[in-house]
Amino acid sequence: MDMTALVLTRQSLHGVAELVLAGPQYRQSGTIRLRAVPGGSFATTKHPDVAVNGDLLLTSG
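The written sequence of each chain sets the order in which its residues are numbered from 1. The model is predicted, so local features are restricted to residues of pLDDT at least 70 and side-chain atom pairs to those at 80 or more, both for listing and for counting; the totals for chains, interfaces and linings are taken over all residues. Side-chain descriptors were evaluated using all non-hydrogen atoms of the structure, hydrogens and water having been removed beforehand.

Student: Got a minute to help me understand the nonpolar core in this structure?
Tutor: When a protein is soluble and globular, its nonpolar side chains tend to lie buried together. Counting residues in each nonpolar core, the largest one holds five residues, listed as Ala-17, Leu-21, Phe-42, Val-50 and Val-52. The way it works is that DSSP assigns letters per residue, a run of H or I at least four long becomes a helix, a run of E at least two long becomes a strand, and they are numbered from the N terminus. When residues of this core are traced back to their parent elements, those giving at least two are helix H1 (3-29) and strand S3 (50-53). Aside from chain neighbours lying at most four places away, what touches Phe-42 is Leu-13, Ala-17, Leu-21, Arg-35, Ala-36, Val-37, Ala-51 and Val-52. Here, the term nonpolar core denotes a set of buried Ala, Val, Leu, Ile, Met, Phe, Trp, Tyr and Cys residues that are joined through side-chain atoms within 4.5 Å. Note on exposure labels: buried denotes an accessible area under 20% of the residue type's maximum, exposed denotes more than 50%, and partly exposed covers the range between, all computed with a 1.4 Å probe on protein chains only. Two residues qualify as a contact provided that any one of their heavy atoms is within 4.5 Å of a heavy atom in the partner residue.

This is the structure:
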């Protein structure tokens with residue numbers, strides 16, 4: 001496994017989690033908690049309902 005690619009991918013996913021999921025969730029619900037979901041993905045715990053699944057950003061709307 002290419003460690004450089006692994007590190008860059010992890011940093012990119014952290015950025016998505018922080019900016020795209022946790023930021024809007026904090027503004028709307030006052031929390032930045034995220035949860036792991038099946039398949040190695042992650043999602044918000046409160047509104048807005050947003051999840052990352054592979055290279056897809058999923059919303060409830």
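Student: Explain the environment of Ile-32 to me, please; I cannot follow it from the model alone.
Tutor: In this fold, Ile-32 is placed in the loop between H1 and strand S1 (34-37). In this structure, the C-alpha to C-alpha distance between Ile-32 and Ala-17, residues 15 residues apart in sequence, is 9.5 Å. Discounting chain neighbours no more than four positions away, the residues touching Ile-32 are Ala-22, Gln-25 and Tyr-26.

Student: It is not clear to me how unusual backbone geometry should be interpreted in this structure. Could you clarify?
Tutor: Apart from glycine, the bulk of residues carry a negative phi angle, and the bulk of peptide bonds sit in the trans form. Here His-47 and Pro-48 are connected by a cis peptide whose omega angle stands at 0°. Structurally, Pro-48 is set in the loop between strand S2 (41-44) and S3.

Student: Quick question: what am I supposed to make of the pairing of S1 here?
Tutor: Within a regular strand, the side chains alternate between the two sheet faces. We treat two strands as partners when DSSP finds at least two bridges between them. Judged from the four bridges that link them, S1 and S2 form a sheet pairing that is antiparallel. Bridged to Arg-35 within S2 is Ala-43.

Student: Explanation requested: the sheet that holds S3 in the structure shown.
Tutor: Two pairing modes exist for strands in a sheet, parallel and antiparallel, and in both the strands are linked by backbone hydrogen bonds. On the basis of which strands lie adjacent, the open sheet formed by four strands has the order S1-S2-S3-S4 and antiparallel pairing. Each edge of the open sheet carries a strand with a single partner, namely S1 and strand S4 (56-59). Each strand axis lies, on average, 25° off the axis of its neighbour in the sheet, ignoring direction. Inspection of the sheet shows S2 paired to S3 by two bridges, in the antiparallel sense. Bridge pairing links Phe-42 to Val-52 in S3. Across the sheet, H1 touches S1, S2, S3 and S4, and the angle it forms with S2 is around 20°. A fitted line through C-alpha atoms represents every axis, and for helices the fit uses only the stretch in contact; the resulting angles, taken between N-to-C directions, go from 0 to 180 degrees.

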